Amino acid sequence: MAALTPRELPSVDRLLQDDSLKTLPHDLVVHAAREVLDEARQATKNGGWPHALDDLPRLVHERVVRETAPRLKAVLNASGVVIHTNLGRAPLSRAAMQAAQDAGLGYSNLEYDLGEGERGSRHNLVTDLLKRLTGAEDGLVTNNNAAAVLLVLSALAQGREAIISRGQLVEIGGGFRIPDVMRQSGVSLVEVGTTNRTYAADFENAITPNTAVLLKVHASNFLQVGFIHQPTGQELVDVASRHGLPLVDDLGSGALLDTTRFGLTHEPMVQTSIAAGTTLVAFSGDKLLGGPQAGIIVGRAAEIGQLRRHPLMRAIRPDKLTLAALGATLAAYVRGDAEREIPVWRMIATPSDVLRSRAEAIAHGLGAEVVETRSAVGGGSLPGQTQSSWAVALEANSAKALAASLRQADPPVIARIEDDRVLLDLRAILPEQDGQLERAVASTR
Ligand SMILES: *Cc1c(COP(=O)(O)O)cnc(C)c1O
């Protein structure tokens, strides 16, 4: 077959006469036809266009479909990292998604008191659940935990001083640095202690008439080992209450279940911090809580009230889908069903031998091997901690190329490369996704 020359390509108008393109939105199809023809012209000039003239309508059609396809799409997380910051953190439970759908497809009582038939507050929708679960007097929801910390500092300490340990001036990632948030809140930072050792007395000695809060920040994503010391929450509560100051605890992940039950080290729990007497505790909705992106602040009623009235609150309030999904997530904890219903806990709680037999079934279908491996919780929780897991190991001439083609599968599969092999770790794959994973991988081979 003689190579096509640019002169043989049709005009845009001619190409658009094709029946398969007539029903597509005019502007989109014209644009796509121009692009496809431009590319074909370039390629034919340079001596290689891997298509025939008959392919042109299909190429235009595919381009139009691609233009309007959702850019945000579901992927299969075979990386083994349960709370994967780049893959949307916590997957939501069915109940949470159902609640969001119910609230989103129609109207809702978002700010309407059904009893009184008048204006209500969105903030009351989840406060009862938060109070029950954490033992706090009151609670509040923001758009995310970064916003929660910004709000707390702005409301309690603007124009005054906040005292924090040098060992806790952390960067969480994605540009969230505690010292920057403090500056942004108009709070003067008073650093105490040293990088590795800080004592309650360091806080006490730094208190002046201008001190507004004592701040404690969980080292979510790094480990300090060796000659280290940080005051306990209880010691800081004691200092704070002796001086009539609020103690704010940014817990980051904020577990409501005890991680030691799953062979992991202890992740600080919200209930424990509240029980110790912390004034305000802030944590994320989409880390170990396993809900939607949100920031949650629980604590003393007077301070929560102050936050609720702060002008920033309007700018960082959660939307109805978030509140619906969060409410359903919290309700699972109240019923004692979190471990069975909430995906992050289902994944963390799955015994390794269950992952092994699931990996074996998938490997059998693909003609591959299984290997024992280690998975991580991730997402700024339990740094350095891993759980035993099992993976399907795919051999390839180029592991990098195979991983790349898995990312182009439908749905895309995000795998991990280890020792020149591509591993599909089952830890963050739900059992109901096994078939989909096997088919997606098979389609690339
Ligand atoms: C993750 C984290 C944040 C930020 O929370 P987002 O919900 O991601 O905004 C703040 N502080 C700590 C300690 C964290 O671990």
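Up top is the structure these notes are about.
If you're wondering where the values come from, they're calculated on a predicted model, not measured in any experiment.

A.B. asks: Explanation requested: the overall build of the protein in the structure shown.
C.D. replies: Helix and strand counts for the protein stand at 19 helices and 17 strands. C-alpha atoms of the protein, sized along the principal axes, occupy 90 × 55 × 45 Å. A buried classification covers 50% of the 445 residues belonging to the protein. Contacts in the protein between residues at least 24 apart in sequence constitute 73% of all its contacts with a sequence separation of at least 6. Put simply, the protein has 45 plus and 51 minus side-chain charges, and the middle of one group is 2 Å from the middle of the other.

A.B. asks: I keep staring at the nonpolar core and nothing clicks. Help me out?
C.D. replies: Across soluble globular proteins, nonpolar side chains have a tendency to be buried as a group. Val-270, Phe-283, Leu-289, Val-298, Tyr-333, Trp-345 and Ile-348 are the most contacted members of the largest nonpolar core, which totals 40 residues. Within the residue set of this core, elements represented by two or more residues are helix H6 (127-134), helix H11 (270-276), strand E11 (280-284), strand E12 (295-299), helix H14 (320-334) and helix H16 (343-349). Top element by residues in this core is H14. It accounts for 5 residues. Counting contributing residues, this core receives three or more from each of domain 2 (76-85 + 344-442) and domain 3 (93-338). Setting aside its immediate chain neighbours within four residues, Tyr-333 contacts Leu-133, Leu-256, Leu-257, Leu-288, Leu-289, Ala-338, Ile-342 and Trp-345.

A.B. asks: Explanation requested: the site of the ligand in the structure shown.
C.D. replies: Taken together, the neighbourhood of the ligand is formed by 13 residues, with Arg-89, Ser-220, Asp-250, Ser-284 and Lys-287 sitting nearest. Within the side chain of Lys-287, an N or O atom sits 2.8 Å from an oxygen atom of the ligand. Protein contact buries 94% of the 380 Å² of open area that the ligand shows by itself. Contributions of two or more residues to the shell around the ligand are made by helix H7 (145-157) and strand E10 (247-252). Of the residues contributing to the shell around the ligand, the split by class is 4 nonpolar, 6 polar and 3 charged.

A.B. asks: Any chance you could explain the pattern of salt bridges here in plain terms?
C.D. replies: Summed over all chains, the structure comprises 27 salt bridges. Note that Arg-58 is salt-bridged to Glu-62, the shortest N-O span being 3.1 Å. Here Arg-58 and its partner Glu-62 are both found in helix H4 (residues 56-68), 4 residues apart, which amounts to about one turn of the helix. The exposure class of Arg-58 is partly exposed, given its relative accessible area of 41%. Here Arg-317 ties to Glu-111 by a salt bridge, and the two come within 3.6 Å at their closest N and O atoms. Separated by 206 residues along the polypeptide, Arg-317 in the loop between helix H13 (312-315) and H14 and Glu-111 in the loop between helix H5 (94-105) and strand E2 (112-113) bring together distant segments of the chain. We classify Glu-111 as partly exposed; its relative accessible area is 26%. Through salt bridges that share partners, Glu-111, Arg-119, Arg-122 and Arg-317 make up one connected network.

A.B. asks: Help me understand the packing of helix H17 (residues 352-366) against helix H19 (residues 434-442), please; the structure alone is not making it clear to me.
C.D. replies: Two numbers describe a pair of packed helices, the interaxial angle and the distance between the axes. At a minimum axis distance of 10 Å, the contact between H17 and H19 shows a crossing angle of 30°. As judged from the angle between their axes, H17 and H19 are roughly parallel. Of the two elements, H17 crosses H19, and the hand of that crossing is right-handed. Counting all contacts with H17, which are made through Arg-358, Ala-361, Ile-362, Gly-365 and Leu-366, the residues of H19 involved are Asp-434, Leu-437, Glu-438, Val-441 and Ala-442. For the contact of H17 with H19, the per-class residue count stands at 6 nonpolar, 1 polar and 3 charged.

A.B. asks: How do you make sense of the packing of aromatic side chains when you look at a structure like this?
C.D. replies: Centre distance and the angle of the planes are the two values used to describe a pair of aromatic rings. Summed over all chains, the structure comprises 1 aromatic pair. On the basis of an interplanar angle of 35° and a centroid distance of 5.5 Å, the ring pair of Phe-262 and Trp-345 is categorised as tilted. Separated by 83 residues along the polypeptide, Phe-262 in the loop between E10 and H11 and Trp-345 in helix H16 bring together distant segments of the chain. In this structure, Phe-262 and Trp-345 share a single accessibility class: buried. The ring of Phe-227 carries the charged tip of Arg-197 above its face, separated from the ring centre by 3.8 Å.

Cut-offs applied
- Residues numbered from 1 in each chain as written.
- Predicted model: local features only at pLDDT ≥ 70, side-chain atom pairs only at ≥ 80, totals over all residues.
- Heavy atoms only, no water.
- Helix = DSSP H or I, 4+ residues; strand = E, 2+ residues; numbered from the N terminus.
- Buried < 20%, exposed > 50% of the residue type's maximum accessible area, 1.4 Å probe, protein only.
- Contact = heavy atoms within 4.5 Å.
- Lys, Arg positive; Asp, Glu negative; His and termini not counted.
- Charge placed at Lys NZ, Arg CZ, Asp CG, Glu CD.
- Core = buried A, V, L, I, M, F, W, Y, C linked by side-chain atoms within 4.5 Å.
- Domains from an automatic or database assignment.
- Near = heavy atom within 4 Å.
- Polar contact = N/O pair within 3.5 Å; in protein donor to acceptor, adjacent residues only side chain to side chain.
- Areas by Shrake-Rupley, 256 points an atom, 1.4 Å probe, with all protein chains shown as cover.
- Nonpolar A, V, L, I, M, F, W, Y, C, P; charged D, E, K, R; others polar.
- Salt bridge = Lys/Arg side-chain N within 4 Å of Asp/Glu carboxyl O.
- Axes fitted to C-alpha atoms, helices over the stretch in contact; angles between N-to-C directions.
- Parallel < 35°, antiparallel > 145°, perpendicular 65-115°, else oblique.
- Left-handed = near helix turned anticlockwise from the far one by under 90°.
- Phe/Tyr/Trp six-rings, centres within 6.5 Å; stacked < 30°, edge-to-face > 60°.
- Lys NZ or Arg CZ within 6 Å of the ring centre and 35° of its normal.

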